[in-house]
Amino acid sequence: MSIDLKNLTIKKAHEALTRGDFTAVQLAGSYLKNIEEKNPSLNAYLEVFDDVLSQAEKADKRIKEGRAALLTGIPMAIKDNIMIEGRKVSAASKILENYTAAYDATVIRKLKEAGAVFLGRTNMDEFAMGSSTENSAFGVTKNPHDTSRVAGGSSGGGAAAVAADMALAALGSDTGGSIRQPASFCGVVGLKPTYGAVSRYGLIALGSSLDCIGPLAKTVEDARIIFDCIKGKDEFDGTSVDFTKELSAIPDTISFTATKNFLGAVDLKDLREQTLESYSKACDTLSAAGFHYKTAEFQGPTAFDYSLPAYYIIMPAEASANLARFDGVKYGLYKGGEALLDDYGKTRAFGFGEEVRRRILVGAYVLSHGYYDAYYNKAQKIRTLIKETFNNLFKEADVVIWPTTPTAAWKIGEKKDPVSVYLSDIFTVSANIAGIPAISVPFGEVEVNGKRLPLGVQLMASYGRENILFEVAAKLLKF
Amino acid sequence: MQNSGKRDIFIKMVTREEIQKLAELSRIEVGEDEVEKLRKDIGGILEYVDKIKSAPVSVDKEGDKPALRNVFREDGEPHESGKFKDVLLAEAPETEDGFVKVKKIL
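Residues numbered from 1 in each chain as written. Chains lettered and ligands numbered in written order. Predicted model: local features only at pLDDT ≥ 70, side-chain atom pairs only at ≥ 80, totals over all residues. Heavy atoms only, no water.

Describing the pattern of salt bridges
Cut-off, in case you're wondering: A side-chain nitrogen of Lys or Arg and a carboxyl oxygen of Asp or Glu constitute a salt bridge if their distance falls within 4 Å. Remark: exposure states derive from per-residue accessible area (1.4 Å probe, protein chains only) relative to the maximum for the residue type, with buried under 20%, exposed over 50%, and partly exposed in between.
In this structure the tally under the stated criterion is 32 salt bridges over all chains. For Asp 146 of chain A, the salt bridge identified is with Arg 149 of chain A, shortest N-O distance 3.1 Å. A single burial state applies to Asp 146 of chain A and to Arg 149 of chain A, both of which are buried. Across the salt bridge formed by Lys 37 of chain B and Glu 354 of chain A, the nearest N and O atoms sit 2.8 Å from each other.

Listed below in structure tokens is the structure:
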């Protein structure tokens, strides 16, 4: 039987499954067929699990018994840095190439309880360090809209899988834009939840004060369904929190602000005209949909001008500490030298890719005696300033809208200089620094050499106000 | 970037010895041939992040502590000893008699 995957959403699939239009086994089979056809050229999956159909059989049994949850039988792709017990998880790194997860991440436990079907693990930049999956130890993921271009990153495999109907939805992680940027490049919806709204237990850490797990999906509603399933306080993550009752109300009139002059203040040669045009159109669309537009003027340099440099201090500092655990002793790759110290040095030199080594060294630099105050400490103060700036903005408006990225997807191999790649995160890192939720939705496109490349816009709201984001973002997609 | 002269200054600031020292601290062996590229890359990154020096915050301002705090749990209810031993040791490159094995340290 043939299932129309292109127009399928989680809700539609759920209804079809419970009605008996098709079974979870048939649905999973359709996705497996697509993966078989497309993955050799796209490289979205690092591994397709060999028990997908038996997972789907269990889902069918549950559906037959009338115990189906919304996600029962829904085929999902999981980023290769989220642990599923008994399965390989490598963070797209040689150092963890043959590592098997000893336990389920909390998000995985919740998805299993809901009966979701895991199709496989998706490609990413090594340890989530990158914006294009070009830093994967296992090859780049190609953009389904133009295979000469990157899918974005670091959750590029998941975004490409959803865009190419190789999964109905995916889980990614976002430290500085790693869900939203590939979502924008691939034309899908990507949500970075409030920091702590979703447990990080079982996520291979990059920057622990910034990391968030979140969904990549085709519609805002699908993203919401997954977020509702995975969120919540978890005893295994001390930074997790419940945002519940007091934040559930939606204001009668939702207002938004665009802080347009912030865009002018940023030195961005790369900010393409089409990005600005599409961004303006998104603002107009929101006004037309009845949301109240408020101007927010900034005089002189704003805290946001310092977001990206502050991010590229805080993140490598945390990464250099987090990645100290990979030393060839407790797990992963081992390369022997003469003494224990040589074992560490050889294992890490061989196991980590170029960008990972670079960031570990930068982290060590900004944390070292003599530089700590000038770099790390100062970046933390800027972090406080950015939070205050957002808090003030959210006193004026419920939602802040920015582009997701300065440009559409770039050509594979086009960006050689690390800083030029870092600049593509300019609109996304602020939400991670402040810990606020942000969602990227496809809006507009640009035509390059006969290929249509998606663009995205990003909506941000105050802590725990994902519900407002869903409300507003849905209007943006409908038009 | 836009100002290659400024970048050169930053690259000069990061000496070969400094790269070797950082590599040593990071427990990553760096070959002689790699040092020069790392100097350039890290110099470029330091030039970019140097922008924060003009940010309107002072590093020793009182009462400017981050609003975050650590959340601790009480110690207690440990799991039974050895419960996870086998599954964890299975991932270690070298083991002996239920221990992770490493080379002599002294």
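We are not done yet, so read on.
Observations regarding the interface of chain A and chain B
To keep things clear, this is the line we draw: Contacts between residues were defined by any pair of non-hydrogen atoms, one from each residue, lying within 4.5 Å. What gets called buried area is simply the loss in accessible area from a 1.4 Å probe that two parts show on being joined, summed for both. N or O atoms closer than or at 3.5 Å make up a polar contact, with two conditions inside protein: a donor-capable atom paired with an acceptor-capable one, and, for residues adjacent in sequence, both atoms drawn from side chains. The numbering of helices and of strands both runs from the N terminus, where a helix is a DSSP run of H or I of at least 4 residues and a strand a run of E of at least 2. Residues are grouped as follows: Ala, Val, Leu, Ile, Met, Phe, Trp, Tyr, Cys and Pro are nonpolar; Asp, Glu, Lys and Arg are charged; all remaining types, including Gly, are polar.
Across the boundary between the two partners, chain A contributes 59 residues, which contact 48 residues of chain B. Together chain A and chain B conceal approximately 4800 Å² of surface at their shared face, both sides included; 66% is due to carbon and sulfur atoms. Viewed at the interface, chain B and chain A are joined by 5 salt bridges. At the surface where chain A touches chain B, the tally comes to 17 residue pairs in polar contact (both at pLDDT 80 or more). Within the residue set of the side of chain A that touches chain B, elements represented by two or more residues are α10 (307-322), α11 (340-351), α12 (354-367), α13 (373-396) and α14 (418-422) of chain A. Considered class by class, the residues forming the side of chain A that touches chain B number 32 nonpolar, 10 polar and 17 charged.

Here we look at the sheet that holds strand β9 (residues 255-257) of chain A
Residues and elements named next belong to chain A. Note the threshold: When DSSP locates at least two bridges between a pair of strands, those strands are taken to pair. What counts as an axis is a line fitted to C-alpha atoms, over the stretch in contact for a helix, and the angles between N-to-C directions run from 0 to 180 degrees.
Overall, mixed pairing links the 11 strands, which are arranged β1-β3-β2-β6-β8-β7-β12-β13-β11-β9-β10 in an open sheet. The open sheet has two edge strands with one neighbour each: β1 (45-48) and β10 (292-294). Geometrically, the sheet is characterised by an average inter-axis angle of 30 degrees between neighbouring strands, direction not taken into account. Two elements, strand β7 (residues 189-192) and strand β8 (residues 212-217), share 2 bridges in a ladder whose sense is antiparallel.

Describing the side chain of Glu 466 of chain A
Residues and elements named next belong to chain A. Just so we agree on the cut-off: In this tally Asp and Glu are treated as negative and Lys and Arg as positive; neither His nor the chain ends contributes.
Note on placement: Glu 466 falls in helix α16 (residues 466-478). This buried residue, Glu 466, is left without a salt bridge; Lys 192 holds the nearest opposite charge, at 7.1 Å. Discounting chain neighbours no more than four positions away, the residues touching Glu 466 are Leu 191, Pro 193, Thr 194, Ala 197, Phe 227 and Pro 437.

Remarks on a nonpolar patch on the surface
As a reminder, the rule being used: In this analysis, a patch consists of residues with relative accessible area above 30% that form no salt bridge, clustered at 9 Å for like charges and at 5 Å for the nonpolar side chains Val, Leu, Ile, Met, Phe, Trp and Tyr. All accessible areas in this document rest on Shrake-Rupley with a 1.4 Å probe, and a residue is counted as covered only by the protein chains that are shown.
A surface patch of nonpolar side chains, about 260 Å² in accessible area, is lined by Phe 84, Val 87 and Leu 88 of chain B. Inspection of the secondary structure puts Leu 88 of chain B in helix α4 (residues 85-89).

Overview of the pairing of strand β12 (residues 438-448) of chain A
Moving residue by residue along a regular strand, the side chains alternate between the two faces of the sheet. Residues and elements named next belong to chain A. Both β7 and β12 contribute to a ladder of 3 bridges, which runs antiparallel. Among the inter-strand pairings, Leu 191 is bridged to a residue of β12, identified as Ile 439. Across 9 bridges, β12 lies against strand β13 (residues 451-461) in antiparallel orientation. Note on β13: the bridge partner recorded for Ser 440 is Gln 458. Connecting β12 to the next strand, β13, in antiparallel fashion are 2 residues, including Asn 449 with a positive phi near 50 degrees.

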